[in-house]
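# Results of the structural survey
Spelled out, the chains give:
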Amino acid sequence: MANLYRGLRQLNLFFVALSFFTRLPIPSWVVIDAEKLNKSSRFFGVVGLVIGLISALVFWLVQLILPASIAVLVAMVVGVIATGGFHEDGLADTADGFGGGWSVEEKLLIMKDSRLGSYGALAIGLALLLKWQLLVELALYSPMAAISGFIVAHTLSRVVAASLIFSEKYVRDDSGKSKPLAQHQSLNDLFILLASGIFVLLWLNGFAAFALFIILWGVRFLLGSLFRGQIGGYTGDTLGAAQQVSEIVCYLVILAVGLS
């Protein structure tokens, strides 16, 4: 009975994470509160795996009847719809805030603004274009390469972003359009989060997995330093930006080192 209870508790946490990062439906019995939101960060990587699998499946089906470039685009659109553009919005707000504000207060105020600025528009446009081009190149290498890219990048990018909760300070900006956000992460939560990342690394060959592991740790260090220097910590928007940057880095590394 105790094992069943623990299993249901973990399942509840997963659905909390899924409800926060996607627009996918969850069961009505799921309980969501601040404590569960904090603990659900352990499953942010698993949510990325779900999105990656959905995108990969859509790509595989579409590429059977249409060119690879179109299949990649459709898969990307489905991924954005599934997440509600949550991370892309964070990238845009972060770019606007960091690019347009001088003080910490100004940057945080700009990041809360729902309007899209020039820095944000450029960031979203360039990020989507770069992801599309990299995935097309992977697809031209082989359909399986693109499938691996979707699965690995969506998972690992969320592991990198969520791991910042453990080491960085949350900069409160709870007013305005901001959603509630996990503000604390235990060591146990971090280990479970990292385990989901290690699991998907097994999808790649040894050298590619090792290169991606090392490079993403470097990206995480640089992003953490950037966020501390700009606003003294992280917000939901900067975690979204971290996910987008890490996703692009994953595609770059996989394309550079190969899959065989």
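Below is a summary of the structure that appears in this document. (Residues numbered from 1 in each chain as written. Predicted model: local features only at pLDDT ≥ 70, side-chain atom pairs only at ≥ 80, totals over all residues. Heavy atoms only, no water.)

### A few points about the overall build of the protein
Our working rule: Numbering of helices and strands starts at the N terminus; helices are DSSP runs of H or I of at least 4 residues and strands are runs of E of at least 2. Note that the radius of gyration is over C-alpha atoms, with the globule rule given as 2.2 Å times the number of residues to the power 0.38. Accessible area is worked out with a 1.4 Å probe on protein chains only. A residue is then buried under 20% of its type maximum, exposed over 50%, and partly exposed in between. Any two residues whose heavy atoms approach within 4.5 Å are treated as being in contact. We get accessible surface area from the Shrake-Rupley algorithm with a probe of 1.4 Å; when it comes to residues, only the shown protein chains can shield them. Under the counting rule used here, the positive set is Lys and Arg, the negative set is Asp and Glu, and His together with the chain ends is not counted. Lysine's charge is taken at NZ, arginine's at CZ, aspartate's at CG and glutamate's at CD.
Looking only at helices and strands, one finds 11 helices and 0 strands in the protein. Over its C-alpha atoms the protein spans a radius of gyration of 18 Å, differing by no more than 12% from the 18 Å that the globule rule assigns to 260 residues. The principal-axis extent of the C-alpha atoms belonging to the protein is close to 55 × 45 × 35 Å. The 260 residues of the protein split such that 50% are buried. Sequence-distant contacts in the protein: of pairs separated by 6 or more residues, those separated by 24 or more amount to 77%. Accessible area for the protein stands at about 12200 Å²; split by element, carbon and sulfur atoms hold 71% of it. Charge-centre separation for the protein: the mean point of 17 positive side chains lies 7 Å from the mean point of 16 negative side chains.

### What about the nonpolar core?
This is how the line gets drawn: Take the buried residues of types Ala, Val, Leu, Ile, Met, Phe, Trp, Tyr and Cys, join any two whose side-chain atoms come within 4.5 Å, and each joined set is a nonpolar core.
Counting residues in hydrophobic clusters, the biggest one holds 74 residues, and the most contacted among them are Phe59, Leu156, Leu204 and Leu212. When residues of this core are assigned to their parent elements, the largest contribution, 14 residues, is made by helix 8 (residues 143-167).

### Details of the pattern of salt bridges
Any two side chains of opposite charge can pair, so long as their charged atoms come close to each other. Just so we agree on the cut-off: Salt bridge, as used here: a side-chain nitrogen of Lys or Arg that lies within 4 Å of a carboxyl oxygen of Asp or Glu.
For the structure on display, the rule yields 4 salt bridges. Between Lys131 and Glu88 there is a salt bridge whose closest N-O contact spans 3.7 Å. With Lys131 in helix 7 (residues 118-141) and Glu88 in helix 5 (residues 86-100), this residue pair connects regions lying 43 residues apart in the sequence. The partner of Arg228 in a salt bridge is Glu168, with the nearest N and O atoms 2.8 Å apart. Of this pair, Arg228 sits in helix 10 (residues 206-231) while Glu168 sits in the loop between helix 8 and helix 9 (187-201), and the two are 60 residues apart along the sequence. The partly exposed category is assigned to Arg228, whose relative accessible area is 39%. Taken together, the shared-partner salt bridges connect Glu88, Lys131 and Glu247 into one network.

### Examining the side chain of Asn12
With respect to the helices and strands, the residue Asn12 is situated in helix 1 (residues 2-21). Classification of Asn12 by relative accessible area gives buried; the value is 7%. Contacts of Asn12, omitting those with residues within four sequence positions, involve Trp29, Val30, Val31 and Lys36.

### What about the packing of helix 3 (residues 44-63) against helix 4 (residues 68-83)?
Pairs of packed helices are described in terms of their axes, by the angle between the two and the distance that separates them. This is how it is decided: Axis definition: a line fitted to C-alpha atoms, limited for helices to the stretch in contact. Angles are taken between N-to-C directions and run from 0 to 180 degrees. Any angle that falls under 35 degrees is termed roughly parallel, while one over 145 is termed roughly antiparallel, one within 65 to 115 roughly perpendicular, and all others oblique. In this scheme the crossing of two helices becomes right-handed for a clockwise turn of the near helix relative to the far one and left-handed for an anticlockwise turn of less than a right angle.
Orientation of helix 3 relative to helix 4, taken along the N-to-C sense of each, is 150°, at an axis distance of 8 Å. On the basis of their axis angle, the class for helix 3 and helix 4 is roughly antiparallel. In this structure, helix 3 meets helix 4 at a crossing whose hand is right-handed. Contact residues: helix 3 offers Ile51, Ile54, Ser55, Val58, Phe59, Val62 and Gln63, while helix 4 offers Ala68, Ala71, Val72, Val74, Ala75, Val78, Gly79, Ala82 and Thr83.

### Some remarks on helix 7
Our working definition: Expected span of a helix, by definition, is 1.5 Å for each gap between consecutive residues, and there is one gap fewer than residues.
Given a rise of 1.5 Å per residue, 24 residues ought to cover 34 Å, and the 35 Å separating the end C-alpha atoms of helix 7 matches this to within 8%. The complete set of buried residues in helix 7 reads Gly120, Ala123, Ala127, Lys131, Leu134, Leu135, Val136, Leu138 and Ala139. In this structure, the buried side of helix 7 is in contact with helix 3, helix 4, helix 5, helix 8 and helix 11 (236-257).

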